[in-house]
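# Summary of the model geometry
Chain residues, written in single-letter form:
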Amino acid sequence: MSDRWLYGWGLASIGLGGASLIVPLYAVELGGGPITLGILAAAAAAAGAPGALVVGRLADRTGHRRGYVLGAIGVVAAGLAVVAAVDAIPVVIAANAAIWFAFAAATPVLTLLTVVGAPEADWSDRIARLNEWQGVGWALGLLVGFLVIVGGERLLGLDALALQRAVCLVCATSAGVGGLVAVRTLPADPGAGTGPAPRRLRRALRGAARFGVRGAGFPFTPARMDPRGLHPRRFARRFTPTLALYFAAVTLAFAGFGAFFAPLPAYLGSAGFGDDAVFGLYLALNVGAAVFFGAAGTLVERYEVTLVHAGSLAVRGVALPTVVLLGGVLVTTLPLFVVIGVTWAVIAVSAATLVTQLAPPIVRGEALGVYSALSTFASGAGSIVGGGLAAAGYVQAFGLASGLIFAGAAVVLVLWRRVSNGSAAAERTGYSATDRTE
């Protein structure tokens with residue numbers, strides 16, 4: 001099967017990358033404050049989770065994968081065009097939620113398209129290639145936003161609102177062109193039930209889960225997963241105390257991420273950063289994450305993964321509130337954003353490794369799904385709380401974010417003690433024995 005359709009999805013990803021930042025900035029320009037941004041982020045998180053689960057199942061049952069991908073790209077393009085055309089914040093929130101529903105819905109379908117017809121030995125490489133196209137497109141979307149704002153301001157003298165609408169339209173156009181490319185290049189629907197076996201696909205997803213640059217500054221994107229393999233009752237029967245402890249840490253940490261990133265665009269504007277500088281900061285953050293994923297994998301392989309994970313959370317817990325302490329100085333804020341991106345690379349790689357190691361083998365796929373759901377829910381809830389606190393003061397909001405992340409790191413250290421004394425291994429062994437006798 002030809003991979004030319006990746007060009008179409010890469011163009012759509014440019015639109016998504018630009019949307020991840022321009023829509024919050026546009027909401028602020030329309031008069032929205034931190035509370036508005038909290039609601040905007042929470043709505044995106046709430047829309048994403050069911051999109052990934054429901055559409056993934058429907059695509060596999062009906063075999064109409066091509067139609068779902070094209071529909072998702074169309075919703076992204078239309079949603080961005082709607083944002084550019086309106087000045088009502090509730091409509092912007094609804095359009096943004098539709099964009100991220102579409103993105104989440106396309107995620108599992110694209111994964112299936114990537115591996116259908118390929119030898120199982122090639123699945124991990126193919127999924128990694130899809131992730132790379134998507135991640136590069138995301139970063140290019142931020143770069144496009146930066147260039148449009150700089151060029152429109154300096155060459156055409158446009159005001160902030162006109163520039164932001166221009167970015168929305170450029171991103172919508174990129175997604176639309178991506179849709180046209182996809183129409184010509186997406187493979188024909190293979191028919192219902194012709195996808196790879198869920199268990200084998202989950203193994204491939206675990207092997208290719210290291211490139212997740214989107215979560216560096218947009219923590220409520222569902223992880224790439226195969227929703228067909230979710231069996232909640234079976235997972236509940238094999239839910240180990242150690243895994244539950246780690247999921248508590250995930251909930252705390254991602255709530256902290258949401259509390260920071262949701263009101264962040266409003267803070268950067270109030271601190272004197274123009275839209276071009278904000279796009280530059282987010283671009284530096286994403287690039288920092290992308291270039292460090294290889295080194296993060298080396299760290300996890302060389303050192304105790306639990307301590308690496310706790311350390312990366314602690315560094316991020318220090319870095320996030322430091323953004324406020326720097327007081328809007330670009331020359332010091334820029335490298336700090338790179339550090340925040342680097343910590344995401346380590347967190348993402350070590351988290352996937354921890355879930356895989358802590359979960360009994362028979363429910364590793366479900367465990368990754370629960371990790372995705374928890375991180376999305378927690379970041380959405382944190383966005384609401386962080387936005388509300390930021391309305392009273394950014395120090396309070398970012399301080400809460402730091403406290404939640406440090407609390408998550410403390411739970412991970414408790415987990416490290418359980419791992420060190422062998423409790424986690426005993427739990428997995430016991431559940432594996434149960435699996436063999438059932």
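By the naming in an unreviewed UniProt entry, the protein chain goes by MFS transporter and is assigned to Haloplanus aerogenes.

### As for the overall build of the protein chain
Regarding its fold elements, the protein chain presents 16 helices and zero strands. Out of the 438 residues belonging to the protein chain, those deemed buried represent 55%. Of the contacts formed within the protein chain by residues at least 6 apart in sequence, a portion of 87% connects residues at least 24 apart. Only carbon and sulfur atoms are counted for the fraction: they give 66% of the accessible area of the protein chain, which is about 16,200 Å².

### Describing the packing of aromatic side chains
Following the criterion strictly, the structure yields 15 aromatic pairs and no others. Between phenylalanine 260 and phenylalanine 261, the aromatic rings sit 4.9 Å apart at their centres with planes inclined by 85°, giving edge-to-face as the arrangement. Overall, the relative accessible area of 0% leaves phenylalanine 260 in the buried class. Under the relative-accessibility criterion, phenylalanine 261 is labelled buried at 5%. Ring geometry for tyrosine 267 and tyrosine 394: centres 5.3 Å apart, planes at 65°, overall edge-to-face. Taken together, the residues tyrosine 267 in helix α10 (residues 264-270) and tyrosine 394 in helix α15 (residues 394-420) connect sequence positions 127 residues apart. An identical accessibility class is assigned to tyrosine 267 and tyrosine 394; each is buried. Among the aromatic residues, those joined into a cluster by ring pairs are Phe260, Phe261, Tyr267, Tyr394 and Phe398. Between arginine 316 and the ring centre of phenylalanine 257, over which it is positioned, the NZ or CZ distance is 4.7 Å.

Reading the values: the criteria
- Residues numbered from 1 in each chain as written.
- Predicted model: local features only at pLDDT ≥ 70, side-chain atom pairs only at ≥ 80, totals over all residues.
- Heavy atoms only, no water.
- Helix = DSSP H or I, 4+ residues; strand = E, 2+ residues; numbered from the N terminus.
- Buried < 20%, exposed > 50% of the residue type's maximum accessible area, 1.4 Å probe, protein only.
- Contact = heavy atoms within 4.5 Å.
- Areas by Shrake-Rupley, 256 points an atom, 1.4 Å probe, with all protein chains shown as cover.
- Phe/Tyr/Trp six-rings, centres within 6.5 Å; stacked < 30°, edge-to-face > 60°.
- Lys NZ or Arg CZ within 6 Å of the ring centre and 35° of its normal.

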